[in-house]
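Spelled out from the first residue to the last, the chains are:
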Amino acid sequence: MPKKEAATKTFTFGACKIAKVSPQPADPATLNIYVSFDEALKLHVAMLEAVRTLNSYNRAKKEGKSSAVNVTVDFQKQRIRINRGTLRPGS
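Note that this is a predicted model, so its numbers are computed, not measured.

Engineer: With reference to specific residues and values, describe the confidence of the model for the chain.
Structural biologist: Model confidence for the chain is summarised by a mean pLDDT of 79, while 67% of its residues fall at 70 or above. The least confident element of the chain is strand E2 (residues 20-22), whose mean pLDDT is 62; the most confident is helix H1 (residues 37-55), at 92.

See below:
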């Protein structure tokens with residue numbers, strides 16, 4: 001009887017809450033995003049997991065070369081999410 005493969009996440013590697021954003025995101029050239037220590041640990045683990053996953057891809061192939069980490073900052077929900085992304089050729 002074949003073993004069942006463990007289910008894997010396909011939507012995000014993790015997320016954390018934003019404690020403070022300065023200045024408000026109306027038209028910033030630069031944003032300072034403050035994250036508590038506990039939330040920074042979550043962000044750190046999410047980023048490490050994303051990079052670890054990307055490192056497993058074959059960089060000699062087109063899919064491996066275009067793989068990326070997508071950092072999503074949601075100001076409405078006050079969250080930062082780490083997702084798998086793809087770059088266009090030449091980006």
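Now that the structure has been shown, the text picks up again.
Engineer: So what's going on with the pairing of strand E5 (residues 79-86)? Residues and values would help.
Structural biologist: Successive side chains on a regular strand alternate, one facing one side of the sheet and the next facing the other. As judged from the eight bridges shared by strand E4 (residues 67-74) and E5, these two strands associate in the antiparallel manner. Bridged to Val-69 within E5 is Arg-84. Linkage of E4 to E5, two consecutive antiparallel strands, is achieved through a turn of four residues, within which Gln-78 is found at a positive phi near 55°.

Engineer: So, H1: which residues are in play, and what are the values?
Structural biologist: Count 3.6 residues to each turn of an α-helix, and residues three or four apart come out pointing the same way. For H1, with 19 residues, the first-to-last C-alpha span of 26 Å sits near the 27 Å given by 1.5 Å per residue. Within H1, the full set of buried residues consists of Glu-39, Ala-46, Ala-50, Thr-53 and Leu-54. The buried residues of H1 occupy one face: seen down the axis, they fall within an arc of 100°. Exposed and oriented more than 90 degrees from the buried face of H1 are Phe-37, Asp-38, Val-45, Arg-52 and Asn-55.

Engineer: Can you tell me about the environment of Arg-88, naming the residues and giving the values?
Structural biologist: Mapped onto the secondary structure, Arg-88 falls in the segment after E5. Of the residues examined, Arg-88 reaches a relative accessible area of 69% and is grouped as exposed. For the pair Arg-88 and Lys-65, spaced 23 residues apart in sequence, the C-alpha separation works out to 9.6 Å.

Engineer: Please provide a residue-by-residue account of the environment of Thr-86, values included.
Structural biologist: With respect to the helices and strands, Thr-86 occurs in strand E5. The spatial distance from the C-alpha of Thr-86 to the C-alpha of Ala-68 is 5.2 Å, given a sequence separation of 18 residues.

Thresholds applied
- Note that residues are indexed from 1 along each chain, following the sequence as it is written.
- For this predicted model, a pLDDT threshold of at least 70 governs which residues receive local features, and a threshold of 80 or more governs which side-chain atom pairs are given and counted, while totals over whole chains, interfaces and linings are taken from all residues.
- Calculation of side-chain values draws on the structure's entire complement of heavy atoms; hydrogens and water are dropped beforehand.
- pLDDT: the predictor's confidence for each residue, scored from 0 to 100.
- Comment: elements are numbered from the N terminus, with helices defined as DSSP H or I runs of at least four residues and strands as E runs of at least two.
- Strands qualify as paired when DSSP identifies two bridges or more between them.
- The span you would expect from a helix comes to 1.5 Å times its residue count less one.
- We call a residue buried when its accessible area falls under 20% of the maximum for its residue type, exposed when it is over 50%, and partly exposed in between, using a 1.4 Å probe and counting protein chains only.
- The arc in question is traced by the directions running from the helix axis to the C-beta atoms.

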